[in-house]
Structure formats: C-alpha cells, structure tokens
Amino acid sequence: MSSRTLPLLFINLGGEMLYILDQRLRAQNIPADKAKKVMNDIITTMFNKKFLEELFKPQELYSKKALRTVFDRLAHASIMRLNQASMDKLYDLMTMAFKYQVLLCPRPKDILLVSFNHMDAIKDFVKDTPSILGQVDETYQQLIEMYTPMCSGEFQLIRQTLLIFFQDMHIRVSIFLKDKVQNSNGRFVLPISGPVPHGTQVPGLIRMFSCTGEEVNRLKFTNGGNYAAATREGSFEIFGDRVTKLGTNMYSVSRPVETHMSGTSKSSAQKTKVNAAPNPLAKEELNLLAKLMGRLEEPNPGNADSGFRVNLFATDEEEEEALISRPDELSYGVLKIQATKDLQANAELAKIMGEFTVSGDQSPSASSKGDDLLAMMDGL
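Bear in mind that the values here come from a model prediction, so they are computed numbers and not experimental data.

Okay, the overall build of the protein chain next. If you tally the helices and strands in the protein chain, you get 15 helices and eight strands. Out of the 380 residues belonging to the protein chain, those deemed buried represent 47%. Counting contacts in the protein chain only where the partners sit at least 6 residues apart, residues at least 24 apart contribute 80% of the total. Roughly 18,800 Å² of accessible area belongs to the protein chain as shown, and the carbon and sulfur atoms make up 52% of that amount.

Next comes the structure, spelled out in structure tokens:
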C-alpha cells in the first residue's frame, strides 16, 4: 500500500465535494454572499496549514468510516447544514466520481493531472480572496515537490491503493447511468477506444529484433479497439494546460443527479455488518483525526438563525425517503471516545488544537477540554 496516497485522495474528494455543493447552492438560489461564505469557509478549513502538514506525512489510508467522518465535519465547516440523507448522497457522489476518474486515467501518473484539475477549480472558487488563495498555492507547491519526481512504478502503486479503497463501492449515479458509462449493478464500463497513454504507441504491431538489436520482422494484429495516437502530455506546473478533462466539473451542465444502492452494494453492506467487530485501532485512528483536524468547537447556537440547509434531493420528501430506505450499515455511525487523557498526555496535539480555528472569532474554551473526540470535531 502506498504511503503517499492520502493527500491525493483528500484533495480529489474535496474538489468533487466543492463541485457538488456549488451546483446545489446555485440550484437552491442561495444568496451569493452566503454561497461564497460556505465555499470560502470549507476551502479555508481544507487547506489549514497544520492539517496539511500532518496530511502530507507518509501514512496509510484511513478506513472508510474515518474518512467519511472527516468530510462530514468538513461539509459543515460553515453556516450550511446537510441532513443525514443529503450527506450520504454527497459522499456517494464524491467517491463514485473520483473512482471513475481513477479507472479512466490512461496511465497512473495522470492521477496527478486529475488532482491539478481539482486544484485549478478550487483556486477559481477563491480567486477573489487572496488570503485563502495563498493557502491553496502553498499546497500546490507541496504537491509539485512531492509527486512530480515520482517514477511510474510509484504512481502505479498509488493507483492500486486507490482502487483497493474503492473496490467495494458500487453506487449507481444517474449521470453515469444516462451516459451509459455505468451498469445497473453500479460497475463502470471502461472504453476500448480513444487515445493511448502518453509515451506509448497504438497497439497492433509486433516487432522482432536480432541479438544485435536489428529489426528482423514485423507482425500486425487486430487490437480489438478504436485507438488513436497519444495526445500531448498535460502540464505538471502550477499553471498550464492539463489536457485531460478528468477532474473537471461534470456538473457545469445543469442536470439532476441521483444515487442508488446497487444489489452488490447491499450485499457488501450486509457483509460489513457481520464483520463490524470493535476495532482495537479505532481509538488511535480517531485520535489521529483529532490531531489532523485541530481543536474544533461545538457550533454556536446563537448563530443558528444565520445558517441554512442544503438538500441534495429534488424535494424534502425524497430526502426523507432516502434516509429511511438507506441500510443502517451505511449511515456511517461513529465511535465516541473520551479524549481527555490524550489531550493531557500529548503536548503536540494540545498545541495543534489550541492553534487551529475555523474563523477568527473562535477561541478554545477550557471548559470543553473534557468533550469527547467527535464533539471536538463537530464544529468543522
């Protein structure tokens, strides 16, 4: 398993989340100032310096539940609120979109170009806010410094790690179904045509060489697809043409997006329930999340009136029905763990928690030190 996969997973899922929320905010006619605040607050939290320093350290991927917890808190980092069913749908759309992009990458290194497309879009969301733009640019430089020197084998390992992470997720998405790139069982249909990966040739020719390196024979064969010569390579610089469209906003053309559990997914969910024995590493994993996310406060009840709810379904009735019909195993229930002792014992964690705030008017409260770990994350 690649220890350098987590930053790419986080950034690409975060980019997809922002695409979806931007589309829903527009569809629900949320005032521009509130919509901008939501996007700015989420991006500010995503690119918090302390969080990214920990994120970029070599480490294995989180479990699915742990990663879901991170994005649940991240989606609520501002005044926007999502009901459980809408949050489930948001996460389904994020993960399936990125899974499809990983599958379609012509070569493993193109995953970095997909990440840069997401970063380009994130920069565009905050182009009028220099302070946040600076945070994003710093992350850009980190990505370039860490990933551009990597060889093809390292990117292949990253791709395999991502595919293993996504392998049991088969959520049907209406956009993919309508475009016939996804089957009714939630599995994707991969094309056997189009341009070949950069640096390779169109299949169909076998060349044979002598021991001296001289070509002695050629054999042609039918390749079974409609392949074209490779396009030019995308830019791996902070500015440039990425060439690939993977990682760009597929919601730019307004159309409804629905998600449905496939039969395979339900079967996997049942299997998950059977194997859901307490994990002895759960406490350590969630404590790491607390370290990454920083000191987060409970939402301020006094600001409740300024918030608003976003519904990822067409109507409230559809949202309620989806919540009722969704298997309990996929509701991403989380463990509550008292973190008091950990806070007292870990000076570095306490320091990070004390320094990290989502907005300038928030300050850590001494009386909240005994809150359990997830309560500390609820303000994100």
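Here the narrative resumes, following the displayed structure.
We now examine the side chain of Arg242. Summarising the element assignment, Arg242 is placed in the loop between strand S6 (226-228) and strand S7 (259-261). The class for Arg242 is buried, based on a relative accessible area of 3%. Here Asp120 takes part through its side chain, which lies 3.0 Å from a polar atom of the side chain of Arg242. Only 3.2 Å separates the side chain of Arg242 from the side chain of Tyr140, close enough to count as a polar contact. When near neighbours in sequence (up to four residues on either side) are disregarded, Arg242 contacts Leu113, Phe116, Asn117, Asp120, Tyr140, Gly234, Ser235, Phe236 and Glu237.

With that out of the way, let us pick up the packing of helix H6 (residues 110-125) against helix H7 (residues 130-147). Closest axis-to-axis distance for the H6/H7 pair is 10 Å, and the angle between their directions is 170°. The pairing of H6 with H7 is recorded here as roughly antiparallel in orientation. Residues Leu112, Phe116, Met119, Asp120, Ile122 and Lys123 of H6 form the contact with H7, whose participating residues are Leu133, Val136, Asp137, Thr139, Tyr140, Leu143, Ile144 and Tyr147. Of the residues assigned to the contact of H6 with H7, the class counts are ten nonpolar, one polar and three charged.

For H6, with 16 residues, the first-to-last C-alpha span of 23 Å sits near the 22 Å given by 1.5 Å per residue. Here H6 lies mainly inside the structure; 13 of its 16 residues are buried.

Let us now look at the pattern of salt bridges. Under the definition given, this model contains 13 salt bridges. The partner of Arg232 in a salt bridge is Asp241, and the shortest N-O contact between them spans 2.3 Å. Under the relative-accessibility criterion, Arg232 is labelled exposed at 56%. Given a relative accessible area of 44%, Asp241 falls into the partly exposed group. A network of salt bridges, in which partner residues are shared, links Arg107, Asp110 and Glu233.

This paragraph deals with the pairing of strand S5 (residues 215-220). In the sheet, strand S4 (residues 205-209) pairs with S5 via five bridges, with the strands oriented antiparallel. Residue Ile206 lies in a different strand from S5, and its bridge partner there is Leu219. Linking two consecutive strands that pair antiparallel, namely S4 and S5, is a turn of five residues; a positive phi of about 90° is found at Gly213 within it.

Looking at where Glu214 falls in the secondary structure, it is placed in the loop between S4 and S5. Beyond its immediate chain neighbours, meaning those up to four positions away, Glu214 contacts Met208 and Phe209.

Scanning the model with the defined rule gives nine aromatic pairs in all. With a centroid separation of 6.5 Å and an interplanar angle of 45°, the aromatic rings of Phe71 and Tyr91 are classed as tilted. Of this pair, Phe71 sits in helix H4 (residues 64-75) while Tyr91 sits in helix H5 (residues 84-104), placing them 20 residues apart in sequence. Three or more aromatic residues joined by ring pairs make a cluster, and in this case those are Phe10, Phe51, Phe71 and Tyr91.

Criteria and cut-off values
- Residues numbered from 1 in each chain as written.
- Predicted model: local features only at pLDDT ≥ 70, side-chain atom pairs only at ≥ 80, totals over all residues.
- Heavy atoms only, no water.
- Helix = DSSP H or I, 4+ residues; strand = E, 2+ residues; numbered from the N terminus.
- Buried < 20%, exposed > 50% of the residue type's maximum accessible area, 1.4 Å probe, protein only.
- Contact = heavy atoms within 4.5 Å.
- Areas by Shrake-Rupley, 256 points an atom, 1.4 Å probe, with all protein chains shown as cover.
- Polar contact = N/O pair within 3.5 Å; in protein donor to acceptor, adjacent residues only side chain to side chain.
- Axes fitted to C-alpha atoms, helices over the stretch in contact; angles between N-to-C directions.
- Parallel < 35°, antiparallel > 145°, perpendicular 65-115°, else oblique.
- Nonpolar A, V, L, I, M, F, W, Y, C, P; charged D, E, K, R; others polar.
- Expected span 1.5 Å × (residues − 1).
- Salt bridge = Lys/Arg side-chain N within 4 Å of Asp/Glu carboxyl O.
- Pairing = 2+ DSSP bridges.
- Phe/Tyr/Trp six-rings, centres within 6.5 Å; stacked < 30°, edge-to-face > 60°.

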